[in-house]
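# Residue-level structure breakdown
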Amino acid sequence: MKPFLCWRDDWLLGLNELDTQHLALAGRLNQIHSVMVAAGEKSEFNSDAYRRLLDFAEMAREHFRDEESVMRDRDYPGLGEHHREHALLLAELQDLIRHIEEGKRDFKLQTLTALKYWLIDHALNSDKEFADFCRRHTVSVAGVASASRHASSQIHHPIR
Ligand SMILES: [Fe+2]
Ligand SMILES: [Fe+2]
């Protein structure tokens with residue numbers, strides 16, 4: 001079966017630590033997807049998927065912190081804006097988790113799909129802008145020729 005989220009080579013930033021973390025986040029979404037698919041259409045609360053969602057949120061928090069640290073090290077002028085975007089994404093994720101906990105919302109495939117696009121959009125736009133900045137400033141970016149595609153406009157999809 002094709003993975004739910006297959007991280008493409010041309011999505012790599014050329015920044016090893018961050019690419020590894022993006023792949024790990026994608027892997028965690030794939031695990032959640034497998035758990036959901038295995039559970040089928042059962043209506044009861046999927047605690048296994050939910051627990052993995054909590055892990056995903058923690059991984060995302062750590063990734064954002066590490067990414068911002070790399071940006072700081074490289075004097076990235078877009079750090080402030082990027083940090084605000086991370087904070088907004090984490091707040092949305094926390095809202096989602098709280099709503100699931102309070103029973104106001106189910107954790108379904110549709111929500112997981114929104115998370116998938118949330119991750120892809122952020123990596124392909126905002127993170128890519130940082131990778132392009134590194135490349136322009138010839139900071140030692142491991143040569144990933146395929147990752148030279150420029151970031152397009154900022155797209156933000158709230159998790160709905
Ligand atoms: Fe990132
Ligand atoms: Fe980021």
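Look up: the structure comes first, before these words.
Cut-offs and rules
Residues numbered from 1 in each chain as written. Chains lettered and ligands numbered in written order. Predicted model: local features only at pLDDT ≥ 70, side-chain atom pairs only at ≥ 80, totals over all residues. Helix = DSSP H or I, 4+ residues; strand = E, 2+ residues; numbered from the N terminus. Core = buried A, V, L, I, M, F, W, Y, C linked by C-beta atoms within 7 Å. Buried ≥ 20, exposed ≤ 12 C-beta atoms within 10 Å, placed from the backbone. Contact = placed C-beta atoms within 7 Å. Axes fitted to C-alpha atoms, helices over the stretch in contact; angles between N-to-C directions. Parallel < 35°, antiparallel > 145°, perpendicular 65-115°, else oblique. Nonpolar A, V, L, I, M, F, W, Y, C, P; charged D, E, K, R; others polar.

## What about unusual backbone geometry?
Phi is positive for Asp75, close to 50 degrees, though the residue is something other than glycine. With respect to the element layout, Asp75 can be found in the loop between α2 (47-73) and α3 (79-101).

## Notes on the nonpolar core
If you look at the biggest cluster of nonpolar residues, it comprises 24 residues, and the most contacted ones within it are Leu25, Leu29, Ile32 and Phe56. At the level of elements, α1 (16-39), α2 and α4 (109-136) are the ones that each hand at least two residues to this core. Residues in contact with Phe56, not counting those within four places in the same chain, are Leu25, Arg28, Leu29 and Ile32.

## Observations regarding the environment of Arg135
Here Arg135 shows up in helix α4. Taking the number of C-beta atoms within 10 Å as the measure of exposure, Arg135 has 17 and is therefore partly exposed. Sequence-wise, Arg135 and Gly14 are 121 residues apart; in three dimensions their C-alpha atoms are separated by 9.0 Å.

## Overview of the packing of α1 against α4
Packing of α1 against α4 brings their axes to within 10 Å, and their N-to-C directions diverge by 170 degrees. Judged by the inter-axis angle, α1 sits roughly antiparallel to α4. Note on element contacts: α4 touches α1 through Leu109, Leu112, Leu115, Lys116, Leu119, Ala123 and Asp127, opposite Leu18, His22, Leu25, Ala26, Leu29, Ile32, His33 and Met36. Residue composition of the contact of α1 with α4, grouped by class: eleven nonpolar, two polar and two charged.

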